[in-house]
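Residue-level structure breakdown
What follows is the residue order along each chain.
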Amino acid sequence: MHSNFSQAEMYLITAIVVILIVLFLIPYIFYLTTLSSTIKLCAVHNQELSPGSVWRVFIPIYGAIWHFILVGKIADTIQKELTERNQEVLERPGYSIGITFLVLQILGVIPMIGGLFSIAGLICWIIYWVKINDYKQRLLSTSPSFKTPENYRSEEHTSELQSRGLISYAVF
């Protein structure tokens, strides 16, 4: 079978596809890193999911479903943590905009008008990312009780803090 494209055109198309993938993948990795590091700043007993579980969104099909669950669990984690720190917090912070961005991305597959949904979804994704990063900054600026090893007397808690890089020594 003969192709309608020359070899040079195929190389150009391949290069464009690779560049587009990289342009979208790099920000997405930074986004997931923000989600993961936000979870890490929360006490283990407030975490609705492990920080590493954010990377499940890369699993085909499952990842799309997991992302909806992830948005809810991150909202609940942040709410629990800020409440424990006696900080004012909205109910399920970031949840509404997070779900909105996911729904808009799904609607992006609709023929003819899907592009508009995708653009709106991209805008909502950026807003969600910024909002979660703002909560991350709030967590960094308040003093959590779990950061100090004196608050945990068990080896399990000290080990957890060490594995998360929050302490490098054990005090019993």
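**Topic: the pattern of salt bridges**
Here the structure, examined in full by the defined rule, presents three salt bridges. In this structure, the salt-bridge partner of R92 is D76, at a minimum N-O distance of 2.8 Å. Highlighted residues: R92 in the loop between α2 (62-84) and α3 (95-107) and D76 in helix α2, separated in sequence by 16 residues. Residue classification places R92 among the partly exposed positions, given a relative accessible area of 28%. Overall, the relative accessible area of 22% leaves D76 in the partly exposed class.

**What to know about the packing of aromatic side chains**
Under the criterion given, the structure shown has eleven aromatic pairs. Relative to W129, the ring of W125 has its centre 5.2 Å away and its plane inclined at 35 degrees; by these criteria the two rings are tilted. Here W125 and its partner W129 are both found in helix α4 (residues 114-141), four residues apart, which amounts to about one turn of the helix. W129 sits in the partly exposed class, given a relative accessible area of 21%. Linked through ring pairs, Y28, Y31, W55, F58, F101, W125, Y128 and W129 together constitute an aromatic cluster.

**Description of the environment of Q137**
Within the fold, Q137 resides in helix α4. Using a relative accessible area of 41% as the deciding quantity, one classes Q137 as partly exposed. Counting along the chain gives 99 residues from Q137 to T38, while the straight-line C-alpha distance between them is 8.6 Å.

Cut-off values and rules
- Residues numbered from 1 in each chain as written.
- Predicted model: local features only at pLDDT ≥ 70, side-chain atom pairs only at ≥ 80, totals over all residues.
- Heavy atoms only, no water.
- Salt bridge = Lys/Arg side-chain N within 4 Å of Asp/Glu carboxyl O.
- Helix = DSSP H or I, 4+ residues; strand = E, 2+ residues; numbered from the N terminus.
- Buried < 20%, exposed > 50% of the residue type's maximum accessible area, 1.4 Å probe, protein only.
- Phe/Tyr/Trp six-rings, centres within 6.5 Å; stacked < 30°, edge-to-face > 60°.

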